[in-house]
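Understanding the architecture of this molecule
Residue-level listing of the chains:
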Amino acid sequence: MCAIDTNNETRIVPNGEPIPILNDTFEGHIYLLVRTPDVDSAKEPKPSLPKAQEVSKYLKGRQRRFEFQYQFKLKRVPTGPLFLCCEGEKSVKLGRVSKGLCSFLLAMIGRINSGFHYSWGITKDTTEEQIESGNYEKIHLAFPLEASMDRIIVSKPGETIPKLGQELIESDESVKRRRKNGAGTVQWNTEDTYTMCLWSAYMDWIQWRVMNVPGIRPFSLSVVTGTQPIYLCVYEIKGVTNEEYKKKKPPHLRKQIDVFCRLEMSHIDRTEGAISDKILSGHNPVSEAPISDSLAKELSKKMIIDNETSSSSSSVSSLNEKVVQ
């Protein structure tokens, strides 16, 4: 895997040292912790570098496949809602069955995650004029930042700032309040230091596959995204307040988005057309991984079961909390 800060095309090496990150909206550091094979098997060689060894020790006993930690101070205060987004540059070509299953999944997520937004991106009906003016959406999944981050810690001037690479501690009451109320639960300003993290047990970046989904065997991320890289973003919707957004729920048009941070995630054997292609040597030709009939049947069965039990589910975040600690 390869992670790139698209703002300056700088590679962010995981399991090393926190990397400085600087742009027009904030200044700080980012630290990528990625689960390596030695965490799960004593037969695998241990990392040689001390920092990587610390990461392996930290992730051992936890189900997280990765944890991305951020620490920063803002240069300006956002006035619109902030979103954590996973997006692509190209619309995905899915078969009718596959797209139907994905749509069903997305609808379920939307019912139990207030503020969740998604788009299939550019379609055959999107005009060149709309693209040139930014009056369109990229293919993406977006969640309100305050509700979706696993931990957010606000440090006032003079207070001890959490150290990256270690467990970030936020009270249970604060986590519950953020996930319930979403936008507006964090008071953004240019004086405090914000430390936050995102983790998941479901995405293995090294193997470029989705895993640990109950009832579904692991499958390649390329089944859904094709050969394109994935972009993890934090952005603000301009021209609308948090309250107005909750009422109107407007589309996330490119012309109304102000990107705070954008990381490109790619894989030397699974993606092409990435910034990392200019940095890494030995890039191999890749091809899309179509969804198999057996996987489609598994997903169909899973969707039926989930639909019958969705009324008893509280949220995707609560499931994530149970699984990935």
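This report concerns the structure included in the present document. (Residues numbered from 1 in each chain as written. Predicted model: local features only at pLDDT ≥ 70, side-chain atom pairs only at ≥ 80, totals over all residues. Heavy atoms only, no water.)

1. Structural notes on the side chain of Lys138
So the rule is basically this: In this description a helix means any DSSP run of H or I spanning at least four residues, a strand means any run of E spanning at least two, and both kinds are numbered starting from the N terminus. Only protein chains enter the area calculation, which uses a 1.4 Å probe; residues under 20% of their type maximum are buried, those over 50% are exposed, and those in between are partly exposed. Identification of polar contacts relies on pairs of N or O atoms within 3.5 Å, with a donor-acceptor requirement for protein atoms, meaning one able to donate a hydrogen and the other able to accept it, and with residues adjacent in sequence counted only if both atoms are side-chain atoms.
Along the polypeptide, Lys138 turns up in the loop between helix H3 (128-133) and strand E8 (139-144). For Lys138, a relative accessible area of 12% puts it in the buried group. Among the polar contacts made by the side chain of Lys138, one reaches the side chain of Glu89 at a distance of 3.0 Å.

2. Digging into the pattern of salt bridges
Rule in force here: For this document, the term salt bridge refers to a Lys or Arg side-chain nitrogen within 4 Å of an Asp or Glu carboxyl oxygen.
Scanning the entire structure with this criterion turns up 17 salt bridges. One salt bridge in this structure joins Arg76 and Asp258, with 2.4 Å as the shortest N-O distance. Of this pair, Arg76 sits in the loop between strand E5 (66-74) and strand E6 (82-87) while Asp258 sits in strand E15 (residues 257-266), and the two are 182 residues apart along the sequence. In this structure Arg76 comes out as partly exposed when scored by relative accessible area, which is 25%. Owing to a relative accessible area of 23%, Asp258 belongs among the partly exposed residues under this scheme. One salt-bridge network, held together by shared partners, links Glu87, Glu89, Lys138, Arg254 and Arg262.

3. Section: the environment of Lys180
Within the fold, Lys180 resides in helix H5 (residues 172-181). Lys180 sits in the exposed class, given a relative accessible area of 72%. For the pair formed by Lys180 and Glu146, sequence separation is 34 residues and the distance between their alpha carbons is 9.7 Å.

4. Looking at unusual backbone geometry
As a rule of thumb, non-glycine residues mostly have phi less than zero, and peptide bonds are mostly trans rather than cis. In the Ramachandran plot, Asn15 falls in the positive-phi region, its phi being about 60 degrees despite a non-glycine side chain. Locating Asn15 in the fold gives a position in the loop between strand E2 (10-12) and strand E3 (19-22). For Asn15, a relative accessible area of 8% gives the class buried. Even without being glycine, Trp208 reaches a positive phi, approximately 55 degrees.

5. Describing empty space enclosed by the protein
Put simply, the rule is: Residues are said to line a cavity or pocket when one of their atoms sits within 4 Å of a point; the points come from a 1 Å grid over protein atoms alone, cavities being sets where a 1.4 Å probe fits but cannot get out and pockets being open sets with protein on both sides within 12 Å along at least five of seven lines. Grid points are joined across faces, edges and corners, and a volume is the space filled by probe spheres set on the points. Three residue categories are used. Nonpolar comprises Ala, Val, Leu, Ile, Met, Phe, Trp, Tyr, Cys and Pro, charged comprises Asp, Glu, Lys and Arg, and polar comprises the others, including Gly.
This model, assessed by the stated rule, comprises two cavities of 30 Å³ or more. What the largest cavity holds in volume is close to 160 Å³. Contributing to the lining of the largest cavity are 14 residues, with Phe26, Phe72, Met196, Val234 and Cys261 lying nearest its centre. Elements with a minimum of two residues in the lining of the largest cavity: E5, E6, strand E14 (230-237) and E15. Broken down by class, the residue content of the lining of the largest cavity amounts to 14 nonpolar, no polar and no charged.

6. What about the sheet that holds E2?
Note the cut-off: Whether two strands pair depends on DSSP finding at least two bridges between them. For every element, the axis is a line fit to its C-alpha atoms; helices are fit only across the contacting stretch, and the angle between N-to-C directions ranges from 0 to 180 degrees.
Here seven strands make up an open sheet; going across it, the order is E2-E1-E15-E14-E6-E8-E7 and the pairing antiparallel. Strands at the two margins of the open sheet, each flanked by one partner only, are E2 and strand E7 (117-120). For this sheet, the mean inter-axis angle between neighbouring strands, taken without regard to orientation, is 25 degrees. With four bridges connecting them, strand E1 (residues 2-5) and E15 associate as antiparallel partners. For Ile4, the partnering residue across the bridge sits in E15 and is Glu264.

7. Notes on the sheet that holds strand E4 (residues 26-34)
Selection criterion: What makes two residues a contact is simply this: any of their non-hydrogen atoms within 4.5 Å.
Within the open sheet, the five strands sit side by side as E3-E4-E5-E10-E9. Their pairing is antiparallel. Lying at the two open borders of the sheet, with one neighbouring strand each, are E3 and strand E9 (151-155). This sheet shows a mean twist of 20 degrees between the axes of neighbouring strands, independent of strand direction. By the bridge criterion, nine bridges tie E4 to E5 in an arrangement that is antiparallel. Bridge pairing in E5 links Leu33 to Glu67. On the sheet, helix H1 (residues 50-59) packs against E4 and E5 and is oriented at approximately 70 degrees with respect to E4.

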